[in-house]
Amino acid sequence: MSRPIVLSGPSGSGKSTLLKKLFAEFPDNFGFSVSHTTRNPRAGEQDGKDYHFVTVDTFKKLIDEKAFVEWAQFSGNYYGTSIASVKYVSEKQKKQCILDIDMQGVKSVKNTDLNARFLFIAPPCVEALKERLTGRGTETDESLQKRLAAAIAELEYSKEEGAHDQIIVNDDLEKAYAQLKEFIFA
Ligand SMILES: Nc1ncnc2c1ncn2[C@@H]1O[C@H](COP(=O)(O)OP(=O)(O)OP(=O)(O)O)[C@@H](O)[C@H]1O
């Protein structure tokens, strides 16, 4: 059984860019867990495929049961990644599950029996991170400041003993991608 891979790193460090390359090169090897949400399905969305659509009561019950490795509330709706949905990818779909989560999620995965491997994607420096986030054109001043503050906490945590199995500095994209593949297929 392939162990889930937990990918984390500051916003803007390049996680999505690297994963996009990986899925383009290996479309059949990897899977994502299906998240739970309390928001209403949009047209065409399928329960169990796009999301597990649940009520607020059910969601809260799952929180109490410690079913989630990560959950959050955005604009009035709950979203979460359950331990069971991660296991489903490796045990039923027989694919390698990749989780793209933050530091709190990383800590929480460590308290489960998921037996995950932890990979941290670091920016060359905070200044580069700021430039990339600005260059991506997705952030307001406020969200940029929030992401940079969170980035500093993520970088501090990454220095702790045992926080991650490997740290990849995403300076040169091709080099970082080669290192990512080496880690994942090891
Ligand atoms: N090695 C690199 N050199 C220069 N720019 C890069 C590099 N890797 C990624 N970028 C650019 O940096 C920006 C942030 O990358 P990306 O969106 O992949 O980050 P992320 O870690 O997934 O962020 P988030 O957690 O916010 O989703 C993008 O515009 C991307 O094109």
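Each chain carries its own residue numbering, running from 1 in the direction its sequence is written. In keeping with the predicted nature of the model, local features appear solely for residues at pLDDT of at least 70, side-chain atom pairs appear and are counted solely at 80 or more, and the whole-chain, interface and lining totals rest on all residues. Note: side-chain values were computed over all heavy atoms of the structure, leaving out hydrogens and water.

Where an unreviewed UniProt entry is consulted, the chain appears under the name Guanylate kinase, with the organism given as Nadsonia fulvescens var. elongata DSM 6958. Quoted verbatim from the Sequence similarities (unreviewed entry) heading of the UniProt record, the comment on the chain is "Belongs to the guanylate kinase family." UniProt positions are given in the numbering used here, feature names are shortened, and annotations may be inferred rather than shown by experiment.

**Q** What's the story with the overall build of the chain in this structure? I'm lost.
**A** The secondary structure content of the chain amounts to seven helices and nine strands. Against the globule reference of 16 Å for 186 residues, the chain gives a C-alpha radius of gyration of 17 Å, in line with a compact fold. Structurally, the chain occupies a C-alpha span of about 45 × 40 × 35 Å along its principal axes. Relative accessibility decides the category of a residue: with a 1.4 Å probe and only protein chains considered, values under 20% of the type maximum give buried, values over 50% give exposed, and everything between is partly exposed. For the chain, with 186 residues in total, the buried portion stands at 44%. A contact between two residues is defined here by any heavy atoms of the two lying within 4.5 Å. By sequence separation, contacts in the chain at least 24 residues apart represent 65% of the contacts at least 6 residues apart. Side-chain charges of the chain comprise 25 positive and 27 negative groups, with the mean position of each set lying 3 Å from the other. Secondary structure follows DSSP: runs of H or I at least 4 residues long count as helices, runs of E at least 2 residues long count as strands, and numbering of each begins at the N terminus. Values of the radius of gyration come from C-alpha atoms, whereas the globule rule sets the reference at 2.2 Å times the count of residues to the power 0.38. Positive: Lys, Arg. Negative: Asp, Glu. His and the chain ends are not part of the count. For charged residues, the charge sits on one atom: NZ in Lys, CZ in Arg, CG in Asp, CD in Glu.

**Q** Explain the UniProt feature "domain: Guanylate kinase-like" (unreviewed entry) in the chain here, please?
**A** Here, the residues flagged by UniProt with the feature "domain: Guanylate kinase-like" (unreviewed entry) are residues 2–185. With 42% helix and 21% strand, residues 2–185 has its two end C-alpha atoms placed 10 Å apart.

**Q** How do you make sense of the sheet that holds strand 6 (residues 77–82) when you look at a structure like this?
**A** Note on sheets: strands pair through backbone hydrogen bonds, and any given pair is parallel or antiparallel. When DSSP finds two or more bridges between two strands, those strands count as paired. The mixed open sheet is built from four strands, whose spatial order is 4-3-6-5. In this open sheet, the two edge strands, each paired with only one partner strand, are strand 4 (52–53) and strand 5 (68–74). Here strand 5 runs beside strand 6; their pairing, made up of six bridges, is antiparallel. Pairing of Gln 73 across the sheet is with Tyr 78, part of strand 6. To obtain each axis, a line is fitted to C-alpha atoms, and for helices this fit is confined to the stretch in contact; angles are then taken between N-to-C directions over 0 to 180 degrees. Taken strand by strand, helix 3 (residues 83–91) contacts strand 4, strand 5 and strand 6, and its axis lies near 45 degrees from that of strand 6.

**Q** In this structure, what is going on with the packing of helix 5 (residues 126–136) against helix 6 (residues 141–158)? I would like to understand it.
**A** A pair of packed helices can be characterised by two numbers: the angle between their axes and the separation between those axes. Look at helix 5 against helix 6: their axes get within 11 Å of each other, and the N-to-C directions meet at 145 degrees. The element helix 5 and its partner helix 6 pack so that their crossing is right-handed. Contact residues: helix 5 offers Val 126, Leu 129, Lys 130, Leu 133, Thr 134 and Arg 136, while helix 6 offers Leu 144, Arg 147, Leu 148, Ala 151 and Leu 155. Handedness of a crossing is defined here by the sense of rotation of the near helix relative to the far one, left-handed for an anticlockwise turn of less than a right angle and right-handed for a clockwise turn.

**Q** What exactly am I supposed to notice about the sheet that holds strand 7 (residues 96–100) here?
**A** The five strands are arranged 2-7-1-8-9 in an open sheet whose pairing can be described as parallel. In this open sheet, the two edge strands, each paired with only one partner strand, are strand 2 (30–31) and strand 9 (166–169). Both strand 8 (residues 117–122) and strand 9 contribute to a ladder of four bridges, which runs parallel. Opposite Phe 120, over in strand 9, you have Ile 167 as the bridge partner. Lying on the sheet, helix 7 (residues 173–184) is in contact with strand 1 (5–8), strand 2, strand 7, strand 8 and strand 9; it crosses strand 9 at an angle near 165 degrees.

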